[in-house]
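# Remarks on the overall topology
The chain contents come next:
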Amino acid sequence: GENVEQHPSTLSVQEGDSAVIKCTYSDSASNYFPWYKQELGKGPQLIIDIRSNVGEKKDQRIAVTLNKTAKHFSLHITETQPEDSAVYFCAASTTGTGANNLFFGTGTRLTVIP
Amino acid sequence: DAGITQSPRHKVTETGTPVTLRCHQTENHRYMYWYRQDPGHGLRLIHYSYGVKDTDKGEVSDGYSVSRSKTEDFLLTLESATSSQTSVYFCAIRQGQNTEAFFGQGTRLTVV
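Predicted, not measured: the structure shown is a model, and the values here were computed from it. Along each chain, the written sequence defines residue order, and numbers are assigned to residues from 1. Chain letters start at A and ligand numbers start at 1, both assigned in the order the entries are written. Where local features are concerned, this predicted model is filtered to residues with pLDDT of at least 70; where side-chain atom pairs are given and counted, the filter is 80 or more; whole-chain, interface and lining totals use all residues. Note that the side-chain values use all heavy atoms of the structure and ignore hydrogens as well as water.

### Details of the side chain of Arg94(B)
- Numbering of helices and strands runs from the N terminus; a helix is a DSSP stretch of H or I covering at least four residues, while a strand is a stretch of E covering at least two. Looking at where Arg94(B) falls in the secondary structure, it is placed in strand 9 (residues 87-94).
- Buried charge without a salt bridge: Arg94(B), with Asp49(A) as the nearest opposite-charge side chain at an N-O distance of 7.8 Å.
- The definition of a polar contact used here is a pair of N or O atoms within 3.5 Å, where within protein one atom must be able to donate a hydrogen and the other to accept one, and adjacent residues in sequence count solely through side-chain atom pairs. In terms of polar contacts, Arg94(B) uses its side chain to reach the backbone carbonyl oxygen of Thr99(B), at 2.9 Å.
- Note on definitions: a residue-residue contact is assigned when non-hydrogen atoms from the two residues lie within 4.5 Å. For Arg94(B), the contacting residues outside a window of four places in its chain are Tyr32(A), Ser93(A), Asn100(A), Asn101(A), Leu102(A), His29(B), Arg30(B), Tyr31(B), Tyr33(B), Thr99(B), Glu100(B) and Ala101(B). Relative accessibility decides the category of a residue: with a 1.4 Å probe and only protein chains considered, values under 20% of the type maximum give buried, values over 50% give exposed, and everything between is partly exposed. The sign given to each residue is positive for Lys and Arg and negative for Asp and Glu; His and the chain ends receive no count. The working definition used for a salt bridge is a side-chain nitrogen of Lys or Arg within 4 Å of a carboxyl oxygen of Asp or Glu.

### Considerations on the nonpolar core
- Definition used in this section: a nonpolar core is a set of buried Ala, Val, Leu, Ile, Met, Phe, Trp, Tyr and Cys residues joined via side-chain atoms within 4.5 Å. Grouped together as the largest cluster of nonpolar side chains are 23 residues, with contacts concentrated most on Trp35(A), Phe73(A), Leu75(A) and Leu110(A).
- In contact with Leu75(A), other than residues within four places in its own chain, are Ala19(A), Val20(A), Ile21(A), Trp35(A), Ile47(A), Ile48(A), Ile62(A), Ala63(A) and Tyr88(A).

### Considerations on the state of the cysteines
Residues and elements named next belong to chain A.
- A pair of sulfur atoms, both from cysteines and within 2.5 Å, is called a disulfide here. Under the definition given, this model contains two disulfides over all chains.
- Disulfide partner of Cys23: Cys90, at an S-S distance of 1.9 Å. Its S-S torsion of about -100 degrees marks the bond between Cys23 and Cys90 as left-handed, since a negative value means left-handed. Pair noted here: Cys23 is in strand 3 (residues 19-25) and Cys90 is in strand 9 (residues 86-92), with a separation of 67 residues, a long-range link.
- The class for Cys23 is buried, based on a relative accessible area of 1%.

### Some words on the sheet that holds strand 8 (residues 73-78) of chain B
All names here are of chain B.
- Strand pairing requires that DSSP identify at least two bridges connecting the strands. Sheet architecture is open: four strands sit in the order 1-3-8-7, paired in antiparallel fashion. Looking along the sheet, the strands with just one partner apiece sit at the ends: strand 1 (4-7) and strand 7 (64-70). Adjacent strand axes in the sheet meet at a mean angle of 15 degrees when their direction is disregarded. Note on method: axes are straight lines fitted to C-alpha atoms, helices fitted across the in-contact stretch only, with angles between N-to-C directions ranging 0 to 180 degrees.

Quick look at the structure:
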């Protein structure tokens, strides 16, 4: 099955600085890569996703890049704010038969220091 | 917010007892999933369903069973709870392949 690795496990940045979280995946057939944000006591929520036919996607202060050859993708948050503090998860999945399962990384705890 | 409800939200149970967690959705989504979340492990898939009465095992299915008799309900059962099953359990739903997954609020289960 798919194996998703995520780094770093913790990240602290000053407010206004940028944050980058990186993930690698093992299954070359994976073609959908979402990022989830989880706040304390809540379930994860999608913040951005990218499909394998696209190299980069941006939504305001958040961007995701995908390198299919190297099998890695990254989340970039610019101009960080205290409300960006949360745990972030990357994931990967493949279309095809079955339930199109999402495989998650182990998470990155981001702390934005005011 | 997506219409997905987990119950109970918190439960403490004794080792060896059966436990059932419920996930209820009002979105009529085809796919439903049960994950467990543990420190250092992220979210790991326990079981999933791709339709009524269509279920299959995920990566950490030992000690768990599921049932889906209606589109809206997906039940997770721990046949005989063990301390290693102390965790936070999340249900998720998806409309189709490679679409957004919506998560419930989670159930914190403690097995003593």
